[in-house]
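Chain by chain, the residues:
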Amino acid sequence: MKRSWLVRAAATIASVAVAGAVVSTSSATAKQPRRDDPATVAFAATTRSTSWTQVQKISLRFPTYHPQGLALVGDKIFLSTVEILEAPVRYPAPVDGYDRTPGRGVGHVLVLDRQGTLLKDVTLGEGTVYHPGGIDFDGTSVWVPVAEYRPNSKAIVYRLDPRTYRVAEAFRVNDHVGGVVRDRETGIVHGVSWGSRTLYAWSANGRQLTRQANEDHMLDYQDCDYAGAGKQICGGVTGLATATGGSYELGGIALRDLSDNAILHEVPFPRFSSAGHVVTRNPVALERTGNTLRLFTAPDDGEEIAGTELIVFESPVA
């Protein structure tokens, strides 16, 4: 989601959101046909047989905690992550509508260069609201949801200035928000709940516009980004049981229409990390450079076997 993956997006924005509405920058701009981003076009042509080559694996040599979302902003990479100080504990029976304690933690957005050097650590959240989710860059701000670390809870959606790193609250939601994407044409903010089982749409100041059950039962989306022409691309994972009693992570990427939430294209991505996680487990970001489609991932936690690694895959575009 999230966010976004498109380095040159600021030059293509056709409208500006004002107080939850969208005002066209000019009548000529408004009449231009909607165009898919080149990365979207390339992704829509992928299949299960598409060849992906791992071209980089960069060890992030600083505390990274539990990564959640990626957004590519020029030569900077924004990585949301949660530092868990006290993990939530399940109740024997629901308490006040919750199935577990809130736990304690700190929400971070880490700003890196493309060589994996830490440039800035921005903290977000308040009280029991400390778990950032999937993030998105709308050409002006990085949108970051921070929620309680339990379902059916609450969240704050923030806007982060990628130049000054100033943070501003955009709105609050009475649910766990696990990721957001902002449509650059309409200004509408789209989001997913815990496990992405519910799909939301809000105005830029938080007025709920739609609430819909997710028809995709293959993947729980972890991180989505705007993909041009009113679309989003989401990476996700589903935990499945094996015949021997173990578990398996099914990973994949989906392209969806933001206007009606239709699934336009979806492929599995069976590549795995140093810790054995499918690489679409948490943060993902796509970009296209010339005839190359590039996927950025950061599936492993900081305390796992090799720490968090930024893993980059490339596929040739026909």
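Caption draft 1: The arrangement of the side chain of Asp 216 in detail. Relative to the assigned elements, Asp 216 resides in the loop between β18 (208–213) and β19 (220–226). It is Arg 256 that comes nearest to the buried, bridge-free Asp 216 among opposite-charge side chains, at 4.6 Å. From its side chain, Asp 216 meets the backbone nitrogen of Met 218 in a polar contact 2.9 Å long. For Asp 216, the residues in contact, after removing those within four places along its chain, are Arg 197, Tyr 221, Ala 254, Arg 256, Ile 263 and Glu 266.

Caption draft 2: Here's a closer look at the packing of aromatic side chains. Tallied over the full model, the rule gives seven aromatic pairs. Aromatic side chains Phe 269 and Phe 313 sit 5.5 Å apart centroid to centroid with 75 degrees between the ring planes, which places their arrangement in the edge-to-face category. Of the two residues, Phe 269 sits in the loop between β22 (263–268) and β23 (284–289) while Phe 313 sits in strand β25 (residues 309–316), which places them 44 residues apart along the sequence. One exposure class covers both Phe 269 and Phe 313, and it is buried.

Caption draft 3: Geometry of the nonpolar core. With 18 residues, the main nonpolar core has Phe 43, Leu 293 and Leu 295 as its most contacted residues. Those elements that provide at least two residues to this core are α2 (38–44), β21 (247–257), β23, β24 (292–297) and β25. The element best represented in this core is α2, accounting for three residues. Every residue in contact with Leu 293, bar those within four places of it in the chain, is listed here: Ala 39, Ala 42, Phe 43, Thr 46, Trp 52, Leu 286, Glu 287, Arg 288, Phe 313, Glu 314, Ser 315 and Val 317. The next biggest cluster of nonpolar side chains, apart from the first, holds 17 residues, and it includes Ala 71, Phe 78, Ile 135 and Leu 160.

Caption draft 4: How the structure looks around the sheet that holds β22. With antiparallel pairing, four strands are arranged side by side in an open sheet as β19-β20-β21-β22. The sheet is open, and its two borders are formed by β19 and β22, each paired with just one other strand. Each strand axis lies, on average, 20 degrees off the axis of its neighbour in the sheet, ignoring direction. Looking at chain direction, β21 and β22 are connected through five bridges and run antiparallel. Each bridged residue has a counterpart across the sheet, and for Gly 252 the counterpart in β22 is Pro 268.

Caption draft 5: Up close: the sheet that holds β25. A sheet is described by the order of its strands in space; here four strands give the open sequence β3-β25-β24-β23, paired in antiparallel fashion. Edge positions in the sheet fall to β3 (53–59) and β23, since each of these pairs with one other strand and no more. Taken pair by pair, the neighbouring strands of this sheet meet at an average axis angle of 20 degrees, ignoring direction. Relative to β25, β3 runs antiparallel, the two sharing six bridges. Among the inter-strand pairings, Lys 57 is bridged to a residue of β25, identified as Ile 311.

The rules we used
- Residues numbered from 1 in each chain as written.
- Predicted model: local features only at pLDDT ≥ 70, side-chain atom pairs only at ≥ 80, totals over all residues.
- Heavy atoms only, no water.
- Helix = DSSP H or I, 4+ residues; strand = E, 2+ residues; numbered from the N terminus.
- Buried < 20%, exposed > 50% of the residue type's maximum accessible area, 1.4 Å probe, protein only.
- Lys, Arg positive; Asp, Glu negative; His and termini not counted.
- Salt bridge = Lys/Arg side-chain N within 4 Å of Asp/Glu carboxyl O.
- Polar contact = N/O pair within 3.5 Å; in protein donor to acceptor, adjacent residues only side chain to side chain.
- Contact = heavy atoms within 4.5 Å.
- Phe/Tyr/Trp six-rings, centres within 6.5 Å; stacked < 30°, edge-to-face > 60°.
- Core = buried A, V, L, I, M, F, W, Y, C linked by side-chain atoms within 4.5 Å.
- Pairing = 2+ DSSP bridges.
- Axes fitted to C-alpha atoms, helices over the stretch in contact; angles between N-to-C directions.

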